[in-house]
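# Notes for the structure review
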Amino acid sequence: MSNDPRCFRVEPALSRRDWLAKAGAGFGAIALEALLAGERAPGAEGASGKLDNAPSPTAAARPVSPLAAKPPLRAARAKRCIFLFMEGGPSHLDLFDPKPLLNQLAGQSLPDSFGSVLTSMGEAKAPLLASKRQWKQHGQSGAWVSDWLPHTAELVDHLAIIRSCWVDGINHSAGVCQMNSGAILGGRPSLGSWVTYGLGTENTDLPAYVVMQDGGGQVVNGPRNWSAGFMPAVYQGIRIQGGKEPIPNLNTPEGIVDAEQRGKLDYLREINARFAKAHPEQTELDARVASYELAFRMQAEAPGAVDLADETEATRRLYGLDEKETAEMGRNCLLARRLVERGVRFVQVYHGAGSKWDAHSKLEENHGKLCRASDKPVAGLLRDLSQRGLLDETLVIWGGEFGRTPMSEKGDGRDHNPTGFTMWMAGGGVRGGQVLGATDELGLRAIDERMHVHDLHATILHLMGLDNMQLVYRYKGRPERPTVNEGSANLKLIG
């Protein structure tokens, strides 16, 4: 295995001082103190208890940030990633995966030949629900896209549409958790945290990993979705929100000048450094110290990153900022472009926060509204990245935690379907203009080129120059990997 520390990351080892301090109820530290006392020169310690010649926090050389940019483990096709997460589970059967047989059998029960089916709401025997969409083939690839996504349809030759995705989580909590972390239970680092750990950031004045969500709602599981899990908290995502203060608590309080704030931060750093030295296992403190320093730098950098005033009217229209329905998602997509343009490594944009894509009933009303709100902004993002020469090095991903069933629920909705659904990728080394994989004749299960969430994550990491089996963080003696020792990159997706 490589000598790269990312391939064999270990927890901080105890120094002799720490071992003596913690072993034998701490009595070893008494002997250590006696030994050190003999090594000190007389008068070396002042009345304050500090060494007189110790440098001040301001003068001391700052440690290398754990978020400093690192070279990829292999040749990278993408430098940055934008994950557009349609939370709640968009229906592949009504967007990207037409099933003529579904309409033919509408109103009937699922044929016995499809075997037993477990659904979250127990609707396995409910009548099949026809899709009311109009379907057309688009682009040179001839990919099928429904009339709900007319703007995305114009760009199919840039997309790799994956029709054979599957996951293990059958409910929203498990599904969203697994699509983010690879596991249906919380506690593991999110994909964005693994990318940040493996590659760092290109701009140390902005967060390496940013999360945005719309509508004032809360994504299922909340901040756990962008948690660093068992890794140091410095790798977790930072949420940006709307309003005059997009990054919470970032604005400088009125009446406080930079020099005053810098002095407070230096004093806090000195106090925290003493505590961190005595408690190296508490990485949350390191993250807090780093966040103070990052916040100070961001007060100069972040306002420009999130201020859309310098965007042209043409760009605003491209994202739909001039229309009420598309303005919110348009703003988040435009912010995503501005952030990756400035070197942010991983940006996640949630649409329909609070499981709004979860159409257990009134599918037509639900998906119709959400598609109108997101289609133009998503297409605008792809066009804008392409026009600026950013798409080739920016991987864009679209999808949710699962799809929807061919069986109906409540007469006009669909239940959760984790066994077969659609996602797509674009840019960042992806070979566009292709449809990969397939579900069965009714869109219930993935049957060809099946891609589990671990395979999806492995492919994303591969495109970004990382290897899902070589990228390792050792935790409690166990070598932890981003895809839980499973999954492989699908090279057919790579151009």
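It should be noted that the structure appears before, not after, this text.
Residues numbered from 1 in each chain as written. Predicted model: local features only at pLDDT ≥ 70, side-chain atom pairs only at ≥ 80, totals over all residues. Heavy atoms only, no water.

The next subject is the overall build of the chain. Regarding its fold elements, the chain presents twelve helices and 17 strands. In the chain, once contacts between residues fewer than 6 apart in sequence are set aside, the share between residues at least 24 apart is 78%. Looking at the chain as shown, the accessible area adds up to about 22,100 Å², and 53% of this sits on carbon and sulfur atoms. (Helix = DSSP H or I, 4+ residues; strand = E, 2+ residues; numbered from the N terminus. Contact = heavy atoms within 4.5 Å. Areas by Shrake-Rupley, 256 points an atom, 1.4 Å probe, with all protein chains shown as cover.)

Among the six residues that make up strand S8 (residues 394–399), six are buried, leaving the element largely enclosed by the rest of the structure. Of the pairings in the sheet, the one linking strand S1 (residues 80–86) to S8 comprises six bridges and is parallel in character. Pairing of Arg-80 across the sheet is with Thr-394, part of S8. With three bridges connecting them, S8 and strand S11 (residues 421–426) associate as antiparallel partners. Bridge pairing links Trp-398 to Trp-424 in S11. (Buried < 20%, exposed > 50% of the residue type's maximum accessible area, 1.4 Å probe, protein only. Pairing = 2+ DSSP bridges.)

Using the criterion set out here, one finds twelve aromatic pairs in the structure. Summarising the aromatic geometry, the rings of Tyr-197 and Tyr-473 are spaced 5.7 Å apart at their centres and angled 80 degrees between planes, so their arrangement reads as edge-to-face. Of this pair, Tyr-197 sits in helix H6 (residues 191–199) while Tyr-473 sits in strand S16 (residues 473–475), and the two are 276 residues apart along the sequence. For the pair Tyr-197 and Tyr-473, one class covers both residues: buried. Seen from the ring of Trp-148, Arg-133 lies directly overhead, with NZ or CZ sitting 3.9 Å from the centre. For Arg-450, the ring lying beneath its charged end belongs to Trp-166, and the centroid distance is 4.3 Å. (Phe/Tyr/Trp six-rings, centres within 6.5 Å; stacked < 30°, edge-to-face > 60°. Lys NZ or Arg CZ within 6 Å of the ring centre and 35° of its normal.)

Tracing the sequence through the fold places His-457 in helix H12 (residues 453–463). Among all residues touching His-457, those that are not within four sequence positions of it are Gln-178, Met-179, Asn-180, Ser-181, Gly-182, Leu-191 and Thr-483.

So, about H12. Most of H12 is tucked away: eleven of the eleven residues are buried. Listed in full, the buried residues belonging to H12 are Val-453, His-454, Asp-455, Leu-456, His-457, Ala-458, Thr-459, Ile-460, Leu-461, His-462 and Leu-463. Looking at the buried positions of H12, the neighbouring elements they touch are strand S4 (159–166), helix H5 (172–181), H6, S8, S11 and strand S15 (451–452). A positive backbone phi angle near 85 degrees is found at Gly-465, which sits one or two residues after H12.

Evaluation of the coordinates by the stated rule reveals 26 salt bridges. Ionic pairing is found between Glu-393 and Arg-80, a salt bridge with its closest N-O pair at 3.5 Å. Of this pair, Glu-393 sits in the loop between helix H11 (363–387) and S8 while Arg-80 sits in strand S1; the two residues are 313 residues apart in sequence, bridging distant segments of the chain. Note that Asp-97 is salt-bridged to Lys-99, the shortest N-O span being 3.5 Å. As far as burial versus exposure is concerned, Asp-97 and Lys-99 are alike and both buried. (Salt bridge = Lys/Arg side-chain N within 4 Å of Asp/Glu carboxyl O.)

Here we take up the packing of H5 against H12. Where H5 meets H12, the axes come as close as 9 Å, and the angle between the chain directions of the two elements is 30 degrees. Between H5 and H12, the angle is such that the two are roughly parallel. Here Gln-178, Met-179, Asn-180 and Ser-181 of H5 lie close against H12, whose contacting residues are Val-453, Leu-456 and His-457. Of the residues belonging to the contact of H5 with H12, the class tally is three nonpolar, four polar and no charged. (Axes fitted to C-alpha atoms, helices over the stretch in contact; angles between N-to-C directions. Parallel < 35°, antiparallel > 145°, perpendicular 65-115°, else oblique. Nonpolar A, V, L, I, M, F, W, Y, C, P; charged D, E, K, R; others polar.)

Counting buried positions along S4 yields seven of eight residues, so the element is predominantly enclosed. Pairing of S4 with S11, which is carried by five bridges, proceeds in the antiparallel orientation. Bridged to Leu-159 within S11 is Ala-426. Taken together, the three bridges between S4 and strand S12 (residues 434–436) define a ladder with parallel strand orientation. Residue pairing in the sheet places Ile-162 in a bridge with Leu-436 of S12. Bridge analysis of S4 against S15 gives two bridges, and the strand direction is parallel. Note on S15: the bridge partner recorded for Trp-166 is His-452.

The phi angle at Ser-355 is positive, at roughly 60 degrees, despite the residue not being glycine. Within the secondary structure, Ser-355 sits in the loop between strand S7 (346–351) and H11. Phi angles above zero are rare outside glycine, and Glu-449 is one such case at about 55 degrees. Structurally, the position occupied by Glu-449 is in the loop between strand S14 (446–448) and S15. Looking at Glu-449, the relative accessible area reads 25%, which means it is partly exposed.

In this section: H6. Within H6, nine of the nine residues are buried, leaving the element largely enclosed by the surrounding structure. Residues Leu-191, Gly-192, Ser-193, Trp-194, Val-195, Thr-196, Tyr-197, Gly-198 and Leu-199 constitute the buried set of H6. Count one or two residues on from H6 and you reach Gly-200, which has phi positive near 70 degrees.

Here we come to the nonpolar core. Core analysis: the largest hydrophobic core is formed by 49 residues, its most contacted members being Met-179, Met-231, Leu-395, Ile-397, Met-423, Met-425 and Leu-456. Sequence-distant contacts of Met-231, defined by excluding residues within four places in its chain, comprise Pro-189, Ser-193, Trp-194, Tyr-197 and Tyr-473. Counting 48 residues, the second largest nonpolar core, distinct from the first, contains Leu-159, Met-212, Val-349 and Cys-371. (Core = buried A, V, L, I, M, F, W, Y, C linked by side-chain atoms within 4.5 Å.)

What follows concerns the environment of Val-340. You can see Val-340 is positioned in helix H10 (residues 324–341). Among the residues examined, Val-340 registers a relative accessible area of 1% and is labelled buried. Residues Val-340 and Ala-305, spaced 35 residues apart in sequence, show a C-alpha to C-alpha distance of 9.8 Å. With near-sequence residues (within four places) excluded, Val-340 lies in contact with Arg-80, Ile-82, Val-347, Leu-385 and Thr-394.

Functional significance is not addressed by these values, which are geometric in nature.
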